[in-house]
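So the chains spell out like this:
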Amino acid sequence: MRADLRLALPAVLAWATAWLVAGAPAVAAPAAVTAWIATAAATVALLARTARPARPSARVRSGPGRQRAAGLLPSVVLAGAAVAVVCTSAFALGHVRHPPGLEGGRSRAGEAVVTITGIAKPAASAVFGAPAGGQRVTVDAELDSFTAAGVHTEARAPALVFATVTRGTALPIGTTFRVQGTLTPLAPGESHEFLLFARDGPRVERGPPWYLAWADAVRSGFRRTTADLPGEGADLLAGLAIGDDSGVAPSLHDAMTVSGLTHLTAVSGANCAIVVSAVMLVGGAVGLRRRTRVAVSIVVLVLFVVLVTPEPSVLRAATMAVIVLVALAAGRPSSGVPPLCLSVVVLLALDPWLARSAGFALSVLATAGLLLLTRPLAAVGGRFLPRWLALAVAVPVAAQLACQPVLFLLTPQITPYTLPANILAEPAAAAVSVLGLVVCLLGVLAPPLGTLVAWLPWAPSAWIAAVARFFAGAPFAAIPVPDGAFAAEAAVVLTTLFLIAVLASRRHPRLAPFAGLLTALSIVIGGGVIAGGALARSGAVPRGWQVAACDIGQGDAVLVHSRDRIALVDVGPDPEPLAVCLERMHVPRIDLLVLTHYDRDHVGGLAAVVGRVDTALVGPPDGSADERLLADLRGGGAQVAEAARGQSGSLGDYRWDILWPRSGSPLRGNPASVTVLFTGPLRLLFLGDLGEQAQDAVRAANRIGPVDVVKVAHHGSADQSERLYDDVRAVVGLISVGAGNSYGHPTDRLLGILGRVGTRAFRTDLQGAIVVSGTSASLEIWTEKTVPP
């Protein structure tokens, strides 16, 4: 049965156009005008052709080519209309999404009014060092207005808010609050237009409206009901049932990513299909008419989307389900590709910025793969496997083939255990979805019974976590790929060859073996190149290295090496990547550990070095959590001292000097980051997470002079002092930053500063681990990954 692809052209063109105008808002207006004119012209041509009576002789003379071209005309009209609507929507929404009063690309301090649109999560960069009794959180919100220097600007812009709240304080979705803070714009096309860093606690203006408040009550009841469940099964259960993945530990999230199960950390589009199917089946069992079942299904689906929050994949699935249900109620059942394409056009017309959402792209591609490839792949697999097993294998294979190019762009690595992990985990995910909703209802109606029933979805949830941990810990679970863009292009070519080899064997018996041979040869050669390149680059780490910035994600962990002596400045967010880096650099013990401050992205990996540290210089602690951290260090045998300006010492051929903070300083957190200067074969300056004001204070308190390497402050945030960077005139600027981070690091402002002062930026998000060797007269830079021009 041939797939109906008539709406594919409108969907693809609408998506491409939305992606373009989201990143270049200035072209939205002229593009909309052009698209409407083209659509009108195509519509006139179509109407003229329809009104003209066709003579049989003319139909014969026209030939099949012209007939096919004429048959494409309706698709062209629809495509033009879709493009025009998307451009018009982008132009209309752009003014409120990024209002003129907030343009200019610079940070502003002022008062913001925001409305919460997502579930609050603990901030990865601030588990330690929050005020006593407080907790640093991030939350998706809509910026309603911003007032700075007496100028009030209305907006409707998506923002990511960083705020400190009293521990245990709820921030229900739909709540509007007022807060003082710094508003930082992001580049066009990002999922958020602004980052808002709150300086004080949020002051609630009004609670959520009734149509959102009920969902918070259900989520709260679910959390109370499942509070006593143990282990990682409980953390995943909240994500799969109510879309709250805030409890999923970073290490488990990494394991889910490596095993190809990221889509199971929270509610996805598949849950919508499960909910609708369950309602339709139950409605049929109790004798409801078809239209009544459809109406009930749509209502339940809307309630479900409100409950789990409208993530891109959920919106895609819900919109597609509504289209299918409406067609069913109208007596014109529709399934397959047309509803998928129509849902893409509808959602992009409502929000063109979805075109740049990775979650939306993966959801659409996975669904398209399932619709187009599952049946043919299962038919081929049925020749060698039992029918049920062939289908079970075909489903994850179809989705993986469709999504792999995008996955390479997001995370350039090969994960060979994705297929078996999904085969084992997917059935459990369906059970968690259904039973989780039952627990949600019981959590409100009968909490004691809900507490007992919660063990039923907990078991399959714990199974999913165990599957992820098992495969993530297997040998070669994640094989890095040097160039994600090239890998994505290669994936498209190899997938095409593979499908020709597998699906075209009957129609094209000569072409299929040739395509299969090319696929096999490409995989063997590509695998050899990747493995050989990885081994070669691993062995190519310079032996005489002096500085090594570990690739540990969004955080800092930088090694200094001289005559078998090792210093480590900060330990990153998690122990595992730091342990890998230390092993790779052959570092068994650390002579000097510097903890600049206590944000998690600087101290979260401490477990990897406890018991291996001789001396630790630490920033001023701020609360019991910081003191416990230092107690762990002392328990491991380290001598711990609080760093202060004026302290100095030696490390091999280097002398180190503490430049900041002053002794007895009341500063805490980022402004009190320990700043250290190493002087020897190279001059190395480490700035921690200092902001512009603190950098200027360091500059005023010390005569630093030119340096060879500067560890850029705060992962390349916009809060930088160009005066300091101009003073030190570093040759190399090391930016330790996580790939695809939600903070917009490194910012254009920081990169511009480095460019103007002549400092060349090296980034761990793009280049992996970065190693510096040589002397001031001859610097040598080695990077784990090559970056395409």
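Bear in mind the structure is a predicted one, so any value in this text is a computation, not a measurement.

Draft legend 1. Representation of the sheet that holds strand E18 (residues 675-679) in the model. What the 7 strands build is an open sheet, ordered E16-E17-E18-E19-E20-E21-E22; its pairing is mixed. Of all the strands in the sheet, the pair left with one neighbour each is strand E16 (648-651) and strand E22 (760-763). Averaged over neighbouring strand pairs, the angle between their axes works out to 20° when direction is ignored. Summarising the sheet, strand E20 (residues 709-711) and strand E21 (residues 732-735) pair through 3 bridges and their orientation is parallel. From the neighbouring strand, Lys 711 faces E21, where its bridge partner is Leu 734.

Draft legend 2. Main features of unusual backbone geometry. Residue Trp 660 is joined to Pro 661 through a cis peptide bond whose omega torsion reads 5°. Despite not being glycine, Asp 564 has its phi angle at roughly 65°, a positive value. Mapped onto the fold, Asp 564 is located in the loop between strand E11 (558-562) and strand E12 (565-569). Overall, Asp 564 belongs to the exposed group, its relative accessible area being 71%.

Draft legend 3. Structural view of the environment of Leu 229. Structurally, Leu 229 can be placed in the loop between helix H4 (210-225) and helix H5 (231-242). Taking relative accessible area as the criterion, Leu 229 reaches 10% and is therefore assigned buried. Counting along the chain gives 229 residues from Leu 229 to Trp 458, while the straight-line C-alpha distance between them is 7.5 Å. Setting aside residues up to four positions removed in sequence, Leu 229 forms contacts with Ala 234, Leu 237, Ala 454, Trp 455 and Trp 458.

Draft legend 4. Up close: empty space enclosed by the protein. If you walk through the whole model with that rule in mind, you get 1 cavity of 30 Å³ or more. Roughly 40 Å³ of volume is contained in the largest cavity. Lining the largest cavity we find Asp 556, Val 558, Val 569, Asp 570, Thr 596, Phe 686, Leu 687, Gly 688 and Lys 711. Across the lining of the largest cavity, the residue classes tally to 4 nonpolar, 2 polar and 3 charged.

Draft legend 5. Up close: helix H6 (residues 250-258). Buried residues of H6: Leu 252, Ala 255, Met 256 and Val 258, and no others. Axial view of H6: buried residues confined to an arc of 165°, hence all on one face. Buried residues along H6 sit in contact with H5, strand E8 (413-414) and helix H15 (455-472). Just beyond H6, the residue with positive phi is Gly 260, at close to 75°.

Draft legend 6. Structural view of the packing of helix H10 (residues 337-350) against helix H11 (residues 358-381). Two numbers describe how H10 lies on H11: the axes approach to 10 Å, and their chain directions differ by 165°. In terms of their interaxial angle, H10 and H11 are classed as roughly antiparallel. For the element pair H10 and H11, the recorded crossing hand is left-handed. From H10, Val 337, Leu 340, Val 344, Leu 347 and Leu 348 reach across to H11, where they touch Phe 360, Val 364, Thr 367, Ala 368, Leu 371 and Leu 372. Across the contact of H10 with H11, the residue classes break down as 10 nonpolar, 1 polar and no charged.

Draft legend 7. Just the pairing of E21, in detail. Of the two faces of E21, the one holding Val 732 and Leu 734 and the one holding Gly 733 and Ile 735 are both buried throughout. For the crossover from E20 across helix H22 (residues 722-728) to E21, the handedness is right-handed. One ladder, built from 4 bridges, connects E21 with E22; its direction is parallel. Each bridged residue has a counterpart across the sheet, and for Ile 735 the counterpart in E22 is Arg 763. A crossover links E21 with its parallel partner E22, the connecting element being helix H23 (residues 748-757), and its sense is right-handed.

Draft legend 8. Representation of the pairing of E18 within the structure. Across the 5 residues that make up E18, a large majority, 4, are buried. Following E18, the chain reverses through 3 residues before pairing antiparallel with strand E19 (residues 683-686).

Draft legend 9. Spatial organisation of the packing of aromatic side chains. Inspection of the entire model under this criterion finds 9 aromatic pairs. The interplanar angle of 35° and the centroid separation of 5.8 Å between the aromatic rings of Tyr 417 and Phe 471 together place this pair among those described as tilted. Here Tyr 417, found in the loop between E8 and helix H13 (418-445), pairs with Phe 471, found in helix H15; they are 54 residues apart in sequence, far enough to count as distant. Classification of Phe 471 as buried rests on a relative accessible area of 10%. Seen in terms of ring centroids, Phe 470 and Phe 471 are 5.1 Å apart; in terms of plane orientation they differ by 80°. Their pairing is edge-to-face. Among the aromatic residues, ring-to-ring pairing joins Phe 162, Phe 197 and Tyr 743 into one connected group. For the cation-ring pair, Arg 356 lies above Trp 19, with the distance from its terminal atom to the ring centre recorded as 3.9 Å.

Draft legend 10. The arrangement of the sheet that holds E12 in detail. Strand order in the open sheet made by the 8 strands is E15-E14-E13-E12-E11-E10-E23-E24, with mixed pairing throughout. If you trace the sheet from one side to the other, it starts and ends with strand E15 (639-642) and strand E24 (778-783), each paired once. Neighbour-to-neighbour, the strand axes of this sheet turn through a mean angle of 15°, independent of strand direction. The pairing of strand E10 (residues 545-549) with strand E23 (residues 770-775) spans 4 bridges and is classified as antiparallel. Bridge pairing in E23 links Ala 549 to Ile 770.

Draft legend 11. Here's a closer look at the pattern of salt bridges. The final tally for this structure, using the stated rule, is 20 salt bridges. Put simply, Arg 655 and Asp 657 hold a salt bridge, and the shortest N to O gap is 2.8 Å. Overall, the relative accessible area of 16% leaves Asp 657 in the buried class.

Draft legend 12. Just the side chain of Ser 562, in detail. In this structure, Ser 562 sits in strand E11. Setting aside chain neighbours within four positions, we find Ser 562 in contact with Leu 651, Gly 652, Asp 653 and Tyr 654.

What counts as what
Residues numbered from 1 in each chain as written. Predicted model: local features only at pLDDT ≥ 70, side-chain atom pairs only at ≥ 80, totals over all residues. Heavy atoms only, no water. Pairing = 2+ DSSP bridges. Helix = DSSP H or I, 4+ residues; strand = E, 2+ residues; numbered from the N terminus. Axes fitted to C-alpha atoms, helices over the stretch in contact; angles between N-to-C directions. Buried < 20%, exposed > 50% of the residue type's maximum accessible area, 1.4 Å probe, protein only. Contact = heavy atoms within 4.5 Å. 1 Å grid on protein atoms, 1.4 Å probe; cavity = no way out; pocket = protein on both sides within 12 Å on 5 of 7 lines; lining within 4 Å. Points joined across faces, edges and corners; volume = space filled by probe spheres on them. Nonpolar A, V, L, I, M, F, W, Y, C, P; charged D, E, K, R; others polar. Arc of directions from axis to C-beta. Parallel < 35°, antiparallel > 145°, perpendicular 65-115°, else oblique. Left-handed = near helix turned anticlockwise from the far one by under 90°. Right-handed = clockwise from strand over helix to strand, strands pointing away. Phe/Tyr/Trp six-rings, centres within 6.5 Å; stacked < 30°, edge-to-face > 60°. Lys NZ or Arg CZ within 6 Å of the ring centre and 35° of its normal. Salt bridge = Lys/Arg side-chain N within 4 Å of Asp/Glu carboxyl O.

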